Amino acid sequence: MTKDLTQLEILTALEPVAEQNLNRHLSIAKDWNPHDYVPWEEGRNFAAMGGIDWEPGQSRLTEVAKAAMITNLLTEDNLPSYHREIAENFSQDGAWGTWVGRWTAEENRHGIVIRDYLVVTRGVDPVALEEARMVHMTAGAHAPANWGGFLVNVAYVTFQELATRVSHRNTGRACDDAVADKMLSRIATDENLHMIFYRNLCGAAIDLVPDQAMPAITKVLTNFQMPGAGMPNWRRNGVLMAKHGIYDLRQHLDEVVRPVLKQWNVFERDDFGPRAEAAREELAQFIDKLEKDVLRFEEQRDRLLARERVVAERNGVGAAAR
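Every value quoted in this text rests on a predicted model; they were computed, and no experiment measured them. (Residues numbered from 1 in each chain as written. Predicted model: local features only at pLDDT ≥ 70, side-chain atom pairs only at ≥ 80, totals over all residues. Heavy atoms only, no water.)

## Some points on the overall build of the protein
So, step 1. For the protein, the count of helices and strands is 11 helices and 0 strands.
So, step 2. For the protein, the α and β elements follow one another from N to C terminus as α-α-α-α-α-α-α-α-α-α-α.
So, step 3. Computed over C-alpha atoms, the radius of gyration of the protein comes to 22 Å, within 12% of the 20 Å expected from 2.2 N^0.38 for 322 residues, which places it in the range of a compact globule.
So, step 4. For the protein, the computed accessible surface area is about 16,000 Å², with 53% contributed by carbon and sulfur atoms.
So, step 5. Distance between charge centroids for the protein: 5 Å, based on 37 positive and 47 negative side chains. (Helix = DSSP H or I, 4+ residues; strand = E, 2+ residues; numbered from the N terminus. Rg over C-alpha atoms; globule rule 2.2 N^0.38 Å. Areas by Shrake-Rupley, 256 points an atom, 1.4 Å probe, with all protein chains shown as cover. Lys, Arg positive; Asp, Glu negative; His and termini not counted. Charge placed at Lys NZ, Arg CZ, Asp CG, Glu CD.)

## Examining the confidence of the model for the protein
So, step 1. Across the protein, pLDDT averages 91, with 96% of residues at or above 70.
So, step 2. Within the protein, no element has a lower average pLDDT than helix 3 (residues 79–89), which sits at 77, and none a higher one than helix 7 (residues 178–208), at 97. (pLDDT = per-residue confidence, 0-100.)

## Let's talk about the nonpolar core
So, step 1. Among the nonpolar cores identified, the biggest contains 61 residues, and Phe-150, Phe-159, Tyr-198, Ile-217, Leu-261 and Trp-264 are the most heavily contacted of them.
So, step 2. Elements that contribute at least two residues to this core include exactly helix 1 (7–28), helix 3, helix 4 (94–121), helix 6 (150–174), helix 7, helix 8 (210–222), helix 10 (249–263) and helix 11 (274–321).
So, step 3. Sort the elements by how many residues they give to this core and helix 6 lands first, with 11 residues.
So, step 4. Excluding residues that lie within four positions of it along the chain, Phe-150 makes contacts with Gln-7, Ile-10, Leu-11, Leu-14, Asn-89, Phe-90, Trp-96 and Ala-205.
So, step 5. Counting residues in each nonpolar core, the second largest holds 22 residues, with Ala-65, Leu-74, Ala-132 and Ala-180 among its members. (Core = buried A, V, L, I, M, F, W, Y, C linked by side-chain atoms within 4.5 Å. Buried < 20%, exposed > 50% of the residue type's maximum accessible area, 1.4 Å probe, protein only. Contact = heavy atoms within 4.5 Å.)

## With respect to unusual backbone geometry
Glycine aside, residues mostly have negative phi angles, and peptide bonds mostly take the trans form.
So, step 1. At Arg-122, a position not held by glycine, the phi torsion is positive, near 55°.
So, step 2. Tracing the sequence through the fold places Arg-122 in the loop between helix 4 and helix 5 (126–139).

## Quick word on the environment of Asp-181
So, step 1. With respect to the helices, strands and loops of the structure, Asp-181 is situated in helix 7.
So, step 2. A residue is classified by how much of its surface remains accessible, and Asp-181, at 24% relative accessible area, is partly exposed.
So, step 3. In this structure, Asp-181 is in contact with Arg-169, Gly-172 and Arg-173, ignoring residues within four places of it in sequence.

## Examining the pattern of salt bridges
So, step 1. Inspection of the entire model under this criterion finds 24 salt bridges.
So, step 2. Residue Arg-250 is joined to Glu-298 by a salt bridge in which the shortest nitrogen-to-oxygen separation is 3.0 Å. Residue Arg-250 is located in helix 10, and its partner Glu-298 is located in helix 11; the two are separated by 48 residues in the primary sequence. (Salt bridge = Lys/Arg side-chain N within 4 Å of Asp/Glu carboxyl O.)

Now the structure itself:
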């Protein structure tokens, strides 16, 4: 029976892979400036500076777009918590430390530009947004008690970064605004590059310690939550986003979970020991159940949207008649 490697041994063995992928990232990532994605000419003073405070009629965003923008921004706002988790479970030395710092700096741009856009365009209530930020950041992000260690964390951020890319990209389309769409497309590109870094590292970990890595992947996917879970109005906003195709179960399964598992060749590998085999079987059963859950969700959503369309059409006819 192969002896398990310690956290330090895994990090040491994978540091050349981390360095290679850090260099790859730095060679293809494009620097950009948040101020270039904000329509500053739309800005005006609020009441404290002699202007007018926010009111709902000033926003051009739909309720769905508002919910998605707020959720995405508050998720980015909690970056200090994520930095702490990554730094504690990776390393602050060598390529690992350089990556953690670079990743944090790049993610920080996302929060800067989304907030500037929303405040300048008066897309959402800035007072309510600030109150929600204070609540969410004070609570912080906390991994489950048994989620410590590099393997679980690198598996989680692989799926989370890809999920965030999907959410940002679909939010941009939902805003029906060329500036917001361009801004969130830029952010989504960053998230995809981050995902590739983590995916490559996790793939190398599977090659190195399959009987340790596979249970970590199964643990993450069978208990997966987006990092914004617990923020103010999380459930309401999440329902709106799922209902209108910003991020739903189908996208989670088909655009996040399956592509990554395929990239790692999880269900075709023949180098697994007993623990990895057991974890793979558990994961296969979970995915089968998730597919059934997706179909039920889609059926329920289709019925709900159909009823809402009927009501809207009736109201429209009634208004026209009056």
